[in-house]
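Geometric and topological summary
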Amino acid sequence: MPNIMDYLDWRGDIPLTVSPFNEVDNYLCSQMGMPDFSMIVPEGGQRVGLGDTLDRYAALWGERGDNLGVLSSPYVLPLLRRASETVRFRDVTLSHFVNLCDDEQGEQFSAVCVHLPDGSTYVSYRGTDDTLAGWREDFMMCVLDEVPAQKDALDYLLRVAGEIEGPLYLGGHSKGGNLAIYAGVLAPSEIQDRIVMIYNNDGPGFRNGVGDGEGLARIRERMVTILPQHSIVGTILFPVGESVIVNSSKGPPESHDGFYWQVLGTGFLRCEELSLSSRAWDAALDRTLEGMDSESCRDFVDALFDALQSTGARTLTELREQGIRQVLEVLRAGRKNPALQSFISRVAELTVKELAGGAVEDIMEKVPERRRPLFKKLGQRDEGEGEEETEEN
C-alpha cells in the first residue's frame, strides 16, 4: 500500500489552493517540528524557507541528522527534503522556533510555526524527543493534571497567535499531539475561532479531561486523534474528541512512525479496531496504575526513570549505547518498587505472547489446509475464538 512518500509523488504537484489541506499534509507538517532548528529558525517572526532550513541543518548535522536520536524516525529528513522539492510545499516557511529542556524540572518542549502557501499556519508541536527528561514528563501525565510542556504549549499558542494572522492548524506527533489538543482547548474563544483543525497523531490522552468543558465544547468537532492499529503511545490515558484508527504496514513499535501508515487518496486508510498488542499494552499499564493514588503513581514514575538515569545517560541513544547488560541491571534494581516490577513482568509476558502468536500465524501459512484447525487453537489469541470443535477432533 502507498505511504506518505508515495503521496508526495502523487499529490506533490497540486498546490494547496487547488486541493485543500488534509490529514496526510497534517502528518508531514507535524514532522517539521521534529528536528532541532536552533540557530537556523529564529524564535521571532522572521521566516526562513523550508529548503533553506534543511540546507543549513544538513551543513550542521549532515543529511542523516544524527542528533535526532534513536527515537526519531529515520525518514523525517528524507521526507522533509522531498516535500521541499514539490509544488505543494516548496514555498513553506518556518518561524518562531523554540526548544526547551530542563532535566531538573522534567521539562521538554519544542515548537515551530509552519506557514503554508494558502495563507494558513500550522503550529507544530514536537513529540517526545530522545531525552529521558521528556519521557519522564510523558509518564507524569499519569500523575499531574498539567505537566510543564502543556503550559508551555498554551503560552506558545497565545504568543504566536498574537503575531500571526490568518487561519490556524494545530498538531503534533506523539506527545506533540497531546500538547496541540491541550493548547487548543484552553485557548480563548477568539483564538479558537481561527483554528480550522487540531490533529493528535498517535499522542497520549489525558488523565482528567481538559479544562472546565466550555473550551472543549466549542472546538470538539474540530479535533481528531489518529491512531495506528498497533498504537502503544496514543492509547495511554483517555482520549479527547474523535479518534480514528488507521492501517500500518509495521507492528509495534515501528507503527508509531507515520511513515508506515497506509495512505488512500488524501487520507490514511482506515482500520476497524486496534490490534491485540495495542490492547494488551494498554491493559498492562491500566492494571499497574489501577487503584493507585497520585503519590503512588508518582513513586512508580520516579522509580522507573531513576533506574534509567542511574546509568548516567541523558537520552535514549546514550542508554542504548550502555549495552543491554547494563540496562538489565538497571531494571533489576528497579524491582525494589513492587509496581515497577509488576509492570515489567506484565509487559514482558504480553510481548512473549504476542511474538508466540505471530510465530504461529507465520507457521499457519505452511500448514496443510486440513490440519489448520489444530494449529489455529495453538495460536488462539482472541477470546472465544476457536471454541468449536469438529467431530474429527
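In this text, all values refer to a predicted model and were calculated from it rather than measured experimentally. The residue numbers shown here count from 1 along each chain, following its written sequence. In view of the model being predicted, local features appear only for residues whose pLDDT reaches at least 70, and side-chain atom pairs are presented and counted only at 80 or more, with totals across whole chains, interfaces and linings using the full set of residues. The side-chain quantities take in all heavy atoms of the structure and omit both hydrogens and water.

A short note on helix α3 (residues 50-61)
By definition, any uninterrupted DSSP run of H or I lasting at least four residues is a helix, any uninterrupted run of E lasting at least two residues is a strand, and each is numbered from the N terminus. What a helix is expected to span follows from its residue count: subtract one and scale by 1.5 Å. Between its first and last C-alpha atoms α3 spans 16 Å; for 12 residues at 1.5 Å apiece the expected length is 16 Å, and the two agree. All buried positions along α3 are accounted for by Leu50, Thr53, Leu54, Tyr57 and Ala58. Summarising the axial view, the buried residues of α3 lie within an arc of 135°, below the 170-degree limit, and thus occupy one face. Residues of α3 that are buried in the fold lie against β1 (48-49), α4 (76-84) and β2 (93-102). Three exposure classes are used, based on accessible area relative to the maximum for each residue type with a 1.4 Å probe and protein chains only: buried under 20%, partly exposed in between, and exposed over 50%. Taking the helix axis as origin, the arc is that swept by the directions to the C-beta atoms. Whether two residues touch is decided by their heavy atoms; if any such pair falls within 4.5 Å, the residues are in contact.

Description of the nonpolar core
Remark: nonpolar core denotes a set of buried residues (Ala, Val, Leu, Ile, Met, Phe, Trp, Tyr, Cys) joined through side-chain atoms within 4.5 Å. Leu28, Met32, Leu94 and Val114 are the most contacted members of the largest nonpolar core, which totals 43 residues. Broken down by element, the residue count for this core peaks at 5 residues, all from α4. Those residues in contact with Leu94, other than ones at most four positions away along the chain, are Met32, Phe37, Val41, Gln46, Arg47, Val48, Leu50, Thr53, Val112, Cys113, Val114 and His115. Residues Ala111, Ala180, Leu216 and Val240 belong to the second largest nonpolar core, which totals 31 residues.

Details of the sheet that holds strand β8 (residues 242-246)
Reading across from one edge, β1-β2-β3-β4-β5-β6-β7-β8 is the order of the 8 strands in this open sheet, with mixed pairing throughout. One side of each edge strand has no neighbouring strand; the edge strands of this open sheet are β1 and β8. A strand pair is defined by DSSP finding two or more bridges across the two strands.

Remarks on unusual backbone geometry
You will see that Met39, though not glycine, has its phi angle at about 70°, which is positive. Its identity is not glycine, yet Asp202 carries a phi of approximately 55°, on the positive side. Summarising the element assignment, Asp202 is placed in the loop between β6 (195-201) and α9 (214-219).

Details of the pattern of salt bridges
Salt bridges, as used here, are contacts in which a Lys or Arg side-chain nitrogen is within 4 Å of a carboxyl oxygen on Asp or Glu. The final tally for this structure, using the stated rule, is 5 salt bridges. Put simply, Arg82 and Asp9 hold a salt bridge, and the shortest N to O gap is 3.0 Å. Here Asp9 lies in helix α1 (residues 4-11) and Arg82 lies in helix α4, a separation of 73 residues in the sequence. Overall, Arg82 belongs to the partly exposed group, its relative accessible area being 25%. For Arg81, the salt bridge identified is with Asp55, shortest N-O distance 2.9 Å. Here Asp55 lies in helix α3 and Arg81 lies in helix α4, a separation of 26 residues in the sequence. On the accessibility criterion, Asp55 (43% relative accessible area) is partly exposed.

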